[in-house]
Amino acid sequence: MIQPPKSRILGTGHFLPPNVRTNADLEKLVETSDQWIRERTGIGERRVAGDGMVTSDMAANAAKNALEAAGTSASELDMIIVGTVTPDMPMPATAVFVQQKIGAPHCPAFDISAACAGFVFGLSIADKFIASGTAKRILVIGVELLSRVVNWEDRTTCVLFGDGAGAVVLGPAEGDRGLLSTNTHTDGSLGESLMIQAGGSAMPITVEALANRKNKVAMRGQDIFKAAVKNLHSASQMAVDQAGMKNEDVDWVVPHQANLRIIDQVTARANYPKHKVLSNIERVGNTSSASIPILLDQNVRAGVIKPRDVVLMCALGAGVSWGAALVRM
Ligand code: ACO
C-alpha cells in the first residue's frame, strides 16, 4: 500500500558567490576551449567564492533564504544536516558553524559525506527523523566550495566544478503534499574513481603529498559518467515506482548538474520530455551536493515549480553514492 508522505518542503533557498569564472578565463589557465567544455559538459561559466568566504558562510546564506521562504525562525530548528565534501575544516562539522551563523538553538548539527548525492542523502535522513516524530523542523543544506580543492592545472577536472549552496526546510507533511519516496545507494568498488586522496588517515598532508597535488580532486571521468547514466536511471525509476506513480505524473525533473550529456541520456531513457527537465549547468557548473537545491530554489522562486507539482530529484557522485527523491511540492 502506498504510504502518505511524512515530511514536506516548507521553503527553499540558495546562495551563489558573485565572482564568475567563464570558459574564456579557463582558456588562460589550461589548454582547453570554450567549445570543448560546452560540447562535452554544457558548462559555460561557474561561480568561485572570493578569498575570505568559507563553506559555512555560503551555507548560512542559503539557509537564511530557505528559513525566510518557509516562514520559520532559526530558533525553531530541531536539526541541521549539511551535505558537503568541502567542509570548513576536517573537524568539527561545517553544520556546527552554520548553527552559530544563523543563530539556531543547540539542536544536533552534523555533516554527511556523500559527495554530489549529499543533498539527496540528507533529505532521506531528515524525512525519517520527521516520520519518527523526533523532529518537526529540519534544515537540509547542500554546499560546496570546490574551487579550493580543484587542481587548477588539471584541465580534466577544473573546468567542471563551481561553488554554491542550496537549502530546504523540512516539516511534517500536510495531506498528500510532501516527500513521496526517497532511495539512496553506494557502490564502494568505484571509490577510487573520484577522490581527494590526502588529508585523512590514509595519507596525511605532507610536503610530498602537496607537491603531488594529492590534496586536490582527481577523477576517472568516464567511470563516473557510465555509473551516473546507469544508476541515476534506476534510482529515478525506483523513486517513481515506490510512490505508486508513473513517469508521466512527474511535472519536473531536477537532476544533479554534473554534465548535460549525463542528464540528456538519463532523462531520454525514461522518456521525460526535454521541457520537463530543468538545468542551470550552463551558468553554474557542477556544484556537487549544492546542485539540486540551487536548481530547485531558482525554479521555485521563478514560479516555474508551483505548489503541488511533482518533482523528481536524482544525483550521483564520488563513492560512488547515488539516490533519488520524489516530492509533491
Ligand atoms: N579541454 C580540452 N580537452 C580536454 C579537457 C578539457 N577541459 N579535458 C579532457 N580533455 C581531453 C582529454 O585529455 C582527451 O584527450 P586525448 O584524446 O588526447 O587523450 C580528450 O579530451 C577526451 O577525454 P575524455 O576523458 O575521453 O572526455 P569525455 O568525453 O569522457 O569527457 C568528462 C570528460 C567531461 C570529464 C566526462 O567524462 C564526464 O563528464 N564525466 C563525468 C564526470 C563528472 O561529472 N564528475 C563530476 C563529479 S561526479 C558527478 O557529479 C556525477
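For every chain, the first residue of its written sequence is number 1, and the numbers climb from 1 along that sequence. The predicted nature of this model means local features are confined to residues of pLDDT at least 70 and side-chain atom pairs, given and counted, to a pLDDT of 80 or more, with totals for whole chains, interfaces and linings taken over all residues. Each side-chain value is derived from all of the structure's non-hydrogen atoms; neither hydrogens nor water enter the calculation.

(A) Broad picture of the site of the ligand. Only heavy atoms are used to decide nearness, and a residue is near a molecule or strand if one of them lies within 4 Å of it. Around the ligand there are 22 residues in total, and Thr32, Arg40, Gln222, His256 and Asn259 lie nearest to it. Under the convention used here, a 1.4 Å probe and the Shrake-Rupley method define accessible areas, while residue burial counts only the protein chains that appear. The protein chains hide 75% of the 990 Å² of surface that the ligand would expose on its own. Grid spacing is 1 Å over the protein atoms alone, the probe is 1.4 Å, and a cavity is where that probe fits but cannot get out, while a pocket is an open set with protein on both sides within 12 Å along at least five of seven lines and lining residues have an atom within 4 Å of a point. Cavities and pockets are treated as containing a molecule whenever more than half of the molecule's atoms lie within 2 Å of their grid points. More than half of the atoms of the ligand fall within 2 Å of the grid points belonging to the second largest pocket. Per the convention used, a helix needs a DSSP run of H or I reaching at least four residues, while a strand needs a run of E reaching at least two, with both numbered from the N terminus. Only helix H2 (34-41), helix H6 (155-158) and helix H8 (221-242) provide two or more residues apiece to the shell around the ligand. No other element matches H8, which puts four residues into the shell around the ligand. Ten residue types, Ala, Val, Leu, Ile, Met, Phe, Trp, Tyr, Cys and Pro, are classed as nonpolar, four, Asp, Glu, Lys and Arg, as charged, and the remainder, Gly among them, as polar. In the shell around the ligand, the residues fall into ten nonpolar, eight polar and four charged.

(B) Representation of the sheet that holds strand E5 (residues 109-112) in the model. Pairing between strands requires that DSSP locate at least two bridges from one strand to the other. Judged by pairing direction, the sheet is mixed, and its five strands sit side by side in the order E1-E7-E6-E4-E5 without closing on themselves. Two strands in the sheet have a free side with no partner beyond their single neighbour: strand E1 (7-15) and E5. The mean angle between the axes of side-by-side strands here comes to 20°, regardless of whether they run parallel or antiparallel. Note: strand E4 (residues 79-83) against strand E6 (residues 138-144), five bridges, orientation parallel. To obtain an axis, a line is fitted to C-alpha atoms, over the contacting stretch when the element is a helix, and the angle between two such axes runs from 0 to 180 degrees between their N-to-C directions.

(C) Quick look at the layout of surface pockets. Grid points are joined across faces, edges and corners, and a volume is the space filled by probe spheres set on the points. In this structure, the largest pocket occupies an estimated 970 Å³ of space. Lining the largest pocket are 38 residues, and of these Val85, Thr86, Pro87, Val149 and Ile196 sit closest to its centre. Examining the composition of the lining of the largest pocket, we find that three residues originate from one element, strand E9 (residues 194-196), more than from any other. Tallied by class, residues from the lining of the largest pocket come to 24 nonpolar, eleven polar and three charged. A domain-level breakdown of the lining of the largest pocket finds at least three residues from each of domain 1 (7-174) and domain 2 (180-328). Note that domain bounds follow an automatic or database assignment of domains.

(D) View of the packing of helix H3 (residues 55-70) against helix H4 (residues 94-102). Orientation of H3 relative to H4, taken along the N-to-C sense of each, is 55°, at an axis distance of 9 Å. Here H4 runs oblique to H3, going by the angle between their axes. You can see that H3 and H4 cross each other, and the crossing is right-handed. Listed contacts from H4 to Thr55, Ser56, Asp57, Ala59, Ala60, Ala63, Lys64 and Leu67 of H3 are Thr94, Phe97, Val98, Lys101 and Ile102. Its residues placed into classes, the contact of H3 with H4 shows seven nonpolar, three polar and three charged. Between 65 and 115 degrees an angle is taken as roughly perpendicular, under 35 as roughly parallel, over 145 as roughly antiparallel, and anywhere else as oblique. Handedness of each helix crossing follows the sense of rotation of the near helix against the far helix: counterclockwise by less than a right angle gives left-handed, clockwise gives right-handed. For this analysis, residues touch if any pair of their heavy atoms sits within 4.5 Å.

(E) Fine view of the environment of Ile112. By the element assignment, Ile112 lies in strand E5. Classification of residues uses two cut-offs on accessible area relative to the type maximum, computed with a 1.4 Å probe and protein chains only: under 20% is buried, over 50% is exposed, and between them is partly exposed. In this structure Ile112 comes out as buried when scored by relative accessible area, which is 12%. Spatially, the C-alpha atoms of Ile112 and Asp88 are 13 Å apart, while their sequence positions differ by 24 residues. Look past the residues within four positions of Ile112 in its chain and what remains in contact with it is Ile81, Val82, Gly83, Thr84, Gly118, Phe121, Gly122 and Ile125.

(F) Spatial organisation of the side chain of Thr12. You can see Thr12 is positioned in strand E1. Note on Thr12: relative accessible area 5%, which makes it buried. Here a polar contact means two N or O atoms within 3.5 Å. Within protein one must be a hydrogen donor candidate and the other an acceptor candidate, and residues neighboring in sequence count only if both atoms are side-chain atoms. At 2.6 Å, the side chain of Thr12 forms a polar contact with the side chain of Asp297. Other than its neighbours up to four places away in sequence, Thr12 contacts Asn65, Ala66, Ala69, Ala167, Val168, Leu296, Asp297, Val300 and Arg301.

(G) How the structure looks around H8. Between the first and last C-alpha of H8 there are 31 Å, a value that for 22 residues agrees with the 32 Å anticipated at 1.5 Å per step. Within H8 the residues assigned to the buried category are Ile224, Phe225, Ala227, Ala228, Val229, Asn231, Leu232, His233, Ala235, Ser236, Ala239 and Val240. Buried positions along H8 lie against strand E8 (178-186), E9, strand E10 (217-219), helix H9 (260-269), strand E12 (310-317) and strand E13 (321-328). One or two positions beyond H8, positive phi appears at Gly244, with a value near 70°. Expected span of a helix: the number of residues minus one, times 1.5 Å.

(H) Up close: the domain arrangement of the chain. Considered domain by domain, the chain is made up of domain 1 (7-174) and domain 2 (180-328). For domain 1 and domain 2, the distance between their C-alpha centres works out to 13 Å. Tallying the contact residues gives 52 residues for domain 1 and 44 residues for domain 2. Where Arg213 meets Glu153, a salt bridge forms, and the shortest distance between an N and an O atom there is 3.2 Å. Counting every contact that joins domain 1 to domain 2 gives 25 residue pairs in polar contact (both at pLDDT 80 or more). Secondary structure elements with two or more residues in the side of domain 1 that touches domain 2: E1, H2, strand E3 (45-47), H3, helix H5 (118-131), E6, H6 and strand E7 (164-172). A carboxyl oxygen of Asp or Glu within 4 Å of a side-chain nitrogen of Lys or Arg is what we treat as a salt bridge.

(I) Seen up close, the sheet that holds E8. Strand order in the open sheet made by the four strands is E8-E13-E12-E11, with mixed pairing throughout. Of all strands in the sheet, those with a lone pairing partner are E8 and strand E11 (252-255), marking the two edges. For this sheet, the mean angle separating the axes of adjacent strands, direction not counted, is 10°. One ladder, built from eight bridges, connects E8 with E13; its direction is antiparallel. Residue pairing in the sheet places Thr182 in a bridge with Ala325 of E13. Packing against the sheet, H5 makes contact with E8, E12 and E13, and its axis sits at approximately 125° to E8. Strand contacts of H8: E8, E12 and E13, with the helix running at about 150° to E12, the strand carrying the most contacts.

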